[in-house]
Amino acid sequence: MRVLLVEDNPTLAKSLTDALSQARFAVDCMHDGEAADHVLRTQDYALVILDLGLPKLDGLEVLRRLRQRRNAVPVMILTAHGSVEDRVKGLDLGADDYLAKPFGMRELMARVHAALRRSQIAPVPLRTGPITVHGLEVDPDQQRAFLLSDDGTRRDARLTPTEFRLLYVLAQNSGRAMSRDELQQRVWNVPYRPRDRSVDVCVRKLREKIDRKASHTYLQTHYGIGYRFDPAPHSL
Ligand code: CA
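Reading guide: rules and limits
- Residues numbered from 1 in each chain as written.
- Predicted model: local features only at pLDDT ≥ 70, side-chain atom pairs only at ≥ 80, totals over all residues.
- Heavy atoms only, no water.
- Donors = N, O, S within 2.8 Å, 3.2 Å for Na, K, Ca; no water.
- Helix = DSSP H or I, 4+ residues; strand = E, 2+ residues; numbered from the N terminus.
- Buried < 20%, exposed > 50% of the residue type's maximum accessible area, 1.4 Å probe, protein only.
- 1 Å grid on protein atoms, 1.4 Å probe; cavity = no way out; pocket = protein on both sides within 12 Å on 5 of 7 lines; lining within 4 Å.
- Points joined across faces, edges and corners; volume = space filled by probe spheres on them.
- Nonpolar A, V, L, I, M, F, W, Y, C, P; charged D, E, K, R; others polar.
- Domains from an automatic or database assignment.
- Axes fitted to C-alpha atoms, helices over the stretch in contact; angles between N-to-C directions.
- Parallel < 35°, antiparallel > 145°, perpendicular 65-115°, else oblique.
- Contact = heavy atoms within 4.5 Å.
- Buried area = accessible area lost by both parts, 1.4 Å probe.
- Salt bridge = Lys/Arg side-chain N within 4 Å of Asp/Glu carboxyl O.
- Right-handed = clockwise from strand over helix to strand, strands pointing away.
- Pairing = 2+ DSSP bridges.

### Description of the coordination of the calcium ion
- Protein-derived ligands of the calcium ion are Asp8 (OD), Asp51 (OD) and Gly53 (O), with the metal-ligand distances lying across 2.2 to 2.3 Å.
- Sequence spacing of the donors to the calcium ion: D-x42-D-x1-G. Taken together, the residues Asp8 in the loop between strand 1 (2-6) and helix 1 (10-22) and Gly53 in the loop between strand 3 (47-51) and helix 3 (59-68) connect sequence positions 45 residues apart.
- Of the residues examined, Asp8 reaches a relative accessible area of 31% and is grouped as partly exposed.
- On the accessibility criterion, Gly53 (47% relative accessible area) is partly exposed.

See the structure below:
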């Protein structure tokens, strides 16, 4: 399986390449954002490990361009220790996971395997065909969600792969409050980490892309629990 590693620190790049090669991945390593952006336009990878602080083009811009091309390859970002803002920005732009530096190789490998498992198994439709509720269609075959208006127009909500997975899991469990822990497990396939904001960030993006454009608020907050998908007005 081919992995693209983008890291400008030669020592870290070397140890990451060694660890990944030992785990039998074919690793391409790029040392700046421009080279990464170029290679991502021409090559297919199973996973991208992307440092954010890069020469020539920063990692967030590489990620933004990648998702703009609707490339859904799983991306794990490497962030500086304590850089919550970069982490949130990265998740906002469609990163699937992050690791804060410094990290151990065992943790890295566990996350790599989890990301690959997710991209292979998830987001498998448990039922065929789209879930259609009042004003919204969630289509697992296309991995897209559509906003439906009264006049019959159908508009792509342009969700990232992670946003789609979260919406789909919530919609499948329509009406049930789901904890952040359960959502983290089912969407990211990793255990919930204290202070991890992935679920909240992703819900915020979904609200921007869906709730704010629809006539109904689908994503409801359950204080002390998590989130619930509300399929229709007054459906409680
Ligand atoms: Ca760097």
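### Topic: the layout of surface pockets
- Estimates place the volume of the largest pocket at around 590 Å³.
- Surrounding the largest pocket, 27 residues form its lining, Arg67, Arg70, Leu159, Thr160 and Pro161 being those nearest its centre.
- The set of elements that each furnish at least two residues to the lining of the largest pocket consists of helix 3, helix 5 (105-120), helix 6 (161-172) and helix 8 (198-209).
- Residue composition of the lining of the largest pocket, by class: 10 nonpolar, 6 polar and 11 charged.
- Two domains each provide a minimum of three residues to the lining of the largest pocket, namely domain 1 (2-120) and domain 2 (131-229).
- Each pocket or cavity is described by its volume, and for the second largest pocket that value is around 360 Å³.
- If you trace the second largest pocket, you find 16 residues lining it, with Arg87, Tyr98, Pro194, Arg195 and Asp196 closest to the centre.
- Of all the secondary structure elements, the ones that give two or more residues to the lining of the second largest pocket are helix 4 (84-92), strand 5 (97-100), helix 5 and helix 8.
- With 4 residues, helix 4 is the single largest residue contributor to the lining of the second largest pocket.
- Its residues assigned to classes, the lining of the second largest pocket comprises 8 nonpolar, 1 polar and 7 charged.

### Some points on the packing of helix 7 (residues 180-188) against helix 8
- At a minimum axis separation of 9 Å, helix 7 and helix 8 run at an interaxial angle of 80°. Regarding the angle of helix 7 to helix 8, the classification is roughly perpendicular. Note on element contacts: helix 8 touches helix 7 through Ser198, Val199, Asp200 and Cys202, opposite Arg180, Leu183, Gln184 and Trp188.
- Classifying every residue of the contact of helix 7 with helix 8 by side-chain character gives 4 nonpolar, 2 polar and 2 charged.

### A closer look at the domain arrangement of the chain
- The domain architecture assigned to the chain consists of domain 1 (2-120) and domain 2 (131-229).
- The C-alpha-based centres of domain 1 and domain 2 are spaced at 25 Å.
- Domain 1 puts 14 residues into the contact, and the matching count from domain 2 is 20 residues.
- Together domain 1 and domain 2 conceal approximately 1500 Å² of surface at their shared face, both sides included; 45% is due to carbon and sulfur atoms.
- Sorting the residues of domain 1 by area buried against domain 2 places Arg70, Asp92 and Arg118 first, and these three jointly supply 39% of that buried surface.
- Where domain 1 meets domain 2, there are 2 salt bridges.
- Taking the shortest distance from any N to any O, the salt bridge between Arg204 and Asp92 comes out at 3.1 Å.

### Side note on the pairing of strand 1
- Extensive coverage of strand 1 is indicated by the burial of 4 of its 5 residues.
- Following the chain from strand 1 across helix 1 to the adjacent parallel strand 2 (residues 26-30), one finds a crossover that is right-handed.
- Bridging between strand 1 and strand 3 involves 4 bridges; their strand directions are parallel. Across the sheet, Leu4 pairs through a bridge with Val48, a residue of strand 3.

### A short note on the environment of Val138
- On the secondary structure map, Val138 appears in strand 7 (residues 136-139).
- Overall, Val138 belongs to the buried group, its relative accessible area being 1%.
- As a C-alpha pair, Val138 and Ala46 span 92 residues in sequence and 25 Å in three-dimensional space.
- Beyond its immediate chain neighbours, meaning those up to four positions away, Val138 contacts Pro130, Ile131, Arg144, Ala145, Phe164, Leu167, Tyr168 and Ala171.

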